[in-house]
Amino acid sequence: MVDIATRVYNHKWKIDPIVRSLIDDDFYKLLMCQSVFRNRPDTTVSFSLINRSTDVRLAELIDEGELREQLDHVRGLSLTRGESTWLRGNTFYGKRQMFRPDFMEFLEGLRLPPYHLETRDGQYELSFEGRWPEVMLWEIPALTVLMELRSRAVLKDMGRFELQVLYARAMTRVWEKIQTLRELPDLLIADFGTRRRHSFLWQDWCVQAMIEGLGDRFTGTSNCLIAMHRDIEAIGTNAHELPMVYAALAENDEALRRAPYDVLADWHEEHDGNLRIILPDTYGSEGFLDHAPDWLAGWTGIRIDSGDPAEGAETAIRWWKERGEDPREKLVIFSDGLDVEKIVELHRQFHGRVKVSFGWGTLLTNDFRGLVPGDGLAPFSLVCKAVAANGRPTVKLSDNPAKAMGPEEEVDRYKRVFDVGQQVAQKVIV
């Protein structure tokens, strides 16, 4: 097992680049990329980094030259022969050759497009623009680079023994969480922590701890590279990016209203009925479900990623019952800002009523809260979102208005079109 503290102390970034591979990425990004490659290959999309935690002044912590070195390194990455073989020949979600030959040829020849970097008011303004299937693969690398450079900035003046004690404390914290989770019957939990991890080495350690501590109750990781190296399942389906871009391309209000369902129709065709998980909250879960076509009720389950998670699950259960479906046969995946206490609470509330699963993210792979003076390693809320498609702004409403994004007039229009009523703001943890 890697001695992380010694590696950090003797750090040379060319040995430990932050992003090690084009597939040091979340599995859902590759799945979505294949769908986009097939359905909307020529759409031009712009992505921007958004730091919701404005008190974390990244441009004052991270050297711009180091940031550019890491971003340039990412631009030089390409798929290796072994990685291509793994993607082409592996079985994912019970399906062999999930990635089509034409998409794999595209991916094997891909280099990520240029980035644009500026500094303003103590923050980095990092953006990307290009053809959607190419530029979308910048999202996770951009986040992991900024998150880990922040960690390195905090750790750089710590001594060897100080680092050993720090990582020992963090490891103990993770293991105590795993011991608590062992007590839950029929637990299903996956690592969703790539985008805001402390570091690659730390995420890999956390995954190994979950494998040993939970056995087959640990269902896999969203990180493709770690899944390949550790011979475990790669986990993921789709995300808000798809409906946000489809909606931005809509020519009128009626097309806008249909856009989230058009996404899922394309997804259904792309995957031959597999990976049928609904993410309903982009423009409000309740309205999405109220107006959903009947065929969506037959899908496998729902992922709840904003708002009150228990309320979201209750809404899904009511909807399935109204559509003549048995909720006990449906999967509910909780994935928003989870930590052990909330996982235990939700498991106890819904176990036996639905099939319960958890995507555990930042507070698995980046919980260093309270471990250094000034809490300088505490996780913070950094996102990289599609902000425009073919020159039109994107909008996300969410079930939590604190996560809403887009121009004010467009946000108001979307609320009207999707009949979004009163929403309760909740603290954004990550």
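Coordinates for the structure precede this section.
Structural notes, computed from the coordinates. Not measured: the values here are computed from a predicted model. (Residues numbered from 1 in each chain as written. Predicted model: local features only at pLDDT ≥ 70, side-chain atom pairs only at ≥ 80, totals over all residues. Heavy atoms only, no water.)

Some words on the environment of G307
And then number 1: Relative to the helices and strands, G307 resides in the loop between strand 9 (301-304) and helix 15 (309-322).
And then number 2: On the basis of relative accessibility, which here comes to 11%, the residue G307 falls in the buried class.
And then number 3: Remark: the alpha-carbon pair of G307 and H198, spanning 109 residues in sequence, is separated by 25 Å. (Helix = DSSP H or I, 4+ residues; strand = E, 2+ residues; numbered from the N terminus. Buried < 20%, exposed > 50% of the residue type's maximum accessible area, 1.4 Å probe, protein only.)

Here's the deal with the nonpolar core
And then number 1: Judged by nonpolar contacts, the single largest core of 145 residues is most densely connected at L87, L146, F334 and W360.
And then number 2: For this core, the leading source of residues is helix 10 (residues 200-214), giving 9 residues.
And then number 3: Ignoring anything within four residues of it in the chain, the contact list for L87 reads I23, L30, L79, F92, F99, M104 and L107. (Core = buried A, V, L, I, M, F, W, Y, C linked by side-chain atoms within 4.5 Å. Contact = heavy atoms within 4.5 Å.)

Quick notes on the packing of helix 2 (residues 27-39) against helix 12 (residues 241-248)
When two helices pack together, their arrangement is given by the angle between their axes and by how far apart the axes lie.
And then number 1: Taken N-terminus to C-terminus, the directions of helix 2 and helix 12 make an angle of 25°; their axes are 11 Å apart at the nearest point. With respect to their mutual orientation, helix 2 and helix 12 come out roughly parallel. Residues K29, M32, V36 and N39 of helix 2 lie in contact with helix 12, whose contacting residues are E241, L242 and Y246. (Axes fitted to C-alpha atoms, helices over the stretch in contact; angles between N-to-C directions. Parallel < 35°, antiparallel > 145°, perpendicular 65-115°, else oblique.)

Looking at empty space enclosed by the protein
And then number 1: The tally for this structure, following the rule as stated, stands at 3 cavities of 30 Å³ or more.
And then number 2: Forming the boundary of the largest cavity are N238, A239, L242, P243, P260, V263, L264, L279, P280, T282, Y283 and F288.
And then number 3: Listed by contribution, the elements that provide at least two residues to the lining of the largest cavity are helix 12 and helix 13 (253-270).
And then number 4: Of the residues contributing to the lining of the largest cavity, the split by class is 10 nonpolar, 2 polar and no charged.
And then number 5: When its volume is computed, the second largest cavity comes out at roughly 40 Å³.
And then number 6: If you trace the second largest cavity, you find it lined by M1, V2, I4, L201, D204, W205 and Q208.
And then number 7: Counting residues per element, the lining of the second largest cavity draws most heavily on helix 10, at 4 residues. (1 Å grid on protein atoms, 1.4 Å probe; cavity = no way out; pocket = protein on both sides within 12 Å on 5 of 7 lines; lining within 4 Å. Points joined across faces, edges and corners; volume = space filled by probe spheres on them. Nonpolar A, V, L, I, M, F, W, Y, C, P; charged D, E, K, R; others polar.)

Description of unusual backbone geometry
And then number 1: Unlike most non-glycine residues, D186 shows phi in positive territory, near 60°.
And then number 2: Within the fold, D186 resides in the loop between helix 9 (160-181) and strand 6 (189-191).
And then number 3: Of note, the phi angle at D419 is positive, near 55°, even though the residue is not glycine.

Comments concerning the pattern of salt bridges
And then number 1: Taken as a whole, this structure holds 36 salt bridges when the rule is applied.
And then number 2: Between R257 and E254 there is a salt bridge, and its shortest N-O distance comes to 2.8 Å. One end of the pair is R257 and the other is E254, both in helix 13 and 3 residues apart, which spans about a single turn.
And then number 3: Accessibility expressed as a relative area gives 33% for R257, which makes it partly exposed.
And then number 4: Among the ionic pairs, E325 bridges to K330, the shortest N-O distance being 3.4 Å. (Salt bridge = Lys/Arg side-chain N within 4 Å of Asp/Glu carboxyl O.)

Section: helix 5 (residues 81-89)
And then number 1: Taken as a whole, helix 5 has its buried residues at E83, S84, W86 and L87. All buried residues of helix 5 fall inside an arc of 160° around its axis, so they share one side. The exposed set on the far side of helix 5, more than 90 degrees from its buried face, consists of R81 and T85. (Arc of directions from axis to C-beta.)

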